[in-house]
Amino acid sequence: MVSYLVIAQLYFYVIECYGMNKCVFLDRDGVINKDRVNYAYDLEHFIIIDGVIESLKALKNAGYRLIVVTNQSGIAKGIYTREQMRACHDYLQQACGNIIDHIYYSPCHPSISESLTRKPDSLMLEKGIARFQADIDSSWLIGDKGRDIVPARKMGLKTIQVDGHDDGIATHVAADLKAATSLILAGQ
Ligand SMILES: [Mg+2]
């Protein structure tokens, strides 16, 4: 006869495996690294903003999955390669201790290649929400541009617009990722 203890353990195992996750979706340029008109695609110009590493660690420690969603149209335009971008992402992961769960990027630009992955379309977010079983009600997106906020609102996420931008469509506004992290963790 199966004991109640085994049944309880099985129950919690199933909940753990199939439970929903709270997630923070992050735009990259202007949120994690300093934005650059001519694109941040080499390590010389990929400057991680002060407070970002500590903020990512604080969010991770609070149980959030960390998922980056970034437009990288410079690839479609032939300005830089995926390998150069990946070198920046490897550097970022090393700097934060590999705590970013996944980095989605859209290499497209409408002048060359249309794609639903490119924000303000929502396909990158939809993939992340599905793959990481995001609990919408407890998940957030942090971005600096209106085109980050639009798809996140469409998906029902709470949103924080940072870096001095306020298009009036985000649910919250904060100075930077550090301030946004404080805002999220204050609501725990
Ligand atoms: Mg940005």
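This structure is a prediction, so every number in the text was calculated from the model and none was measured.

What counts and how
Note on numbering: residues in each chain are counted from 1, in written sequence order. Two thresholds apply to this predicted model, a pLDDT of at least 70 for residue-level local features and 80 or more for giving and counting side-chain atom pairs, whereas whole-chain, interface and lining totals are computed over all residues. Strands are runs of DSSP state E lasting at least two residues, helices are runs of H or I lasting at least four, and both sets are numbered from the N terminus onward. Radius of gyration here is computed from C-alpha atoms only, and the compact-globule reference equals 2.2 Å multiplied by the residue count raised to the power 0.38. Three exposure classes are used. Buried residues have 20 or more other C-beta atoms within 10 Å of their own C-beta, exposed residues have 12 or fewer, and partly exposed residues fall in between, all C-beta atoms being placed from the backbone. C-beta atoms are placed from the backbone for every residue, and two residues are taken to be in contact when these atoms lie within 7 Å. A pair of strands is treated as paired once DSSP finds two or more bridges between them. The definition of a right-handed crossover adopted here requires that, viewed with the strands pointing away, the path from the first strand over the helix to the second runs clockwise. Between N-to-C directions, angles span 0 to 180 degrees; the directions come from axes that are lines fitted to C-alpha atoms, helices contributing only their stretch in contact.

Student: Describe the overall build of the chain, naming the residues involved and giving the relevant values.
Tutor: Check the secondary structure of the chain and you find 6 helices and 6 strands. For the chain, the sequential pattern of α-helices and β-strands runs α-β-α-β-α-β-α-β-α-β-β-α. Its C-alpha atoms give the chain a radius of gyration of 18 Å, near enough to 16 Å, the size a compact globule of 188 residues would have. Counting all 188 residues of the chain, 34% fall into the buried class. Summarising the internal contacts of the chain: among those between residues at least 6 apart in sequence, 61% fall at separations of at least 24.

Student: I'd like to hear about the pairing of strand β2 (residues 65-71), residue by residue, with values.
Tutor: Counting buried residues in β2 gives 7 out of 7 residues, a clear majority hidden from the surface. Burial along β2 is two-sided: the residues R65, I67, V69 and N71 and L66, V68 and T70 are all buried. Sheet analysis places strand β1 (residues 23-26) next to β2, joined by 4 bridges and oriented parallel. Bridged to V24 within β2 is L66. Chirality of the crossover, the property in question, places the unit of β1, helix α2 (residues 52-61) and β2 among those that are right-handed. Note on the crossover from β2 through helix α3 (residues 82-96) to strand β3 (residues 102-106): the handedness is right-handed.

Student: Residues and numbers for the sheet that holds strand β5 (residues 158-161), please.
Tutor: A sheet is described by the order of its strands in space; here 6 strands give the open sequence β3-β2-β1-β4-β5-β6, paired in parallel fashion. Lying at the two open borders of the sheet, with one neighbouring strand each, are β3 and β6 (172-173). Here strand β4 (residues 140-143) pairs with β5 via 4 bridges, running parallel. Residue pairing in the sheet places L141 in a bridge with T159 of β5. Each of β1, β4, β5 and β6 touches helix α6 (residues 177-186); the most contacted strand, β4, lies at about 160° to it.

Student: Break down unusual backbone geometry for me, citing the residues and quoting the values.
Tutor: Residue K119 is joined to P120 through a cis peptide bond whose omega torsion reads 20°. Counting through the fold element by element, P120 comes out in the loop between β3 and α4 (123-131). Phi at Y39 takes a positive value of approximately 75°, unusual for a residue other than glycine. Examined against the element boundaries, Y39 turns out to sit in the loop between β1 and α2. Residue Y39 is classed as partly exposed on the basis of its 19 C-beta neighbours within 10 Å. Of note in this structure, Q133 is not a glycine but carries a positive phi near 50°. On the secondary structure map, Q133 appears in the loop between α4 and β4.

Student: Give a description of the environment of R153 that names residues and reports values.
Tutor: Within the element layout of this structure, R153 appears in helix α5 (residues 146-154). For R153 and A180, which are 27 residues apart along the polypeptide, the C-alpha to C-alpha distance reads 17 Å. With sequence-adjacent residues up to four places away left out, R153 is seen in contact with T159 and I169.

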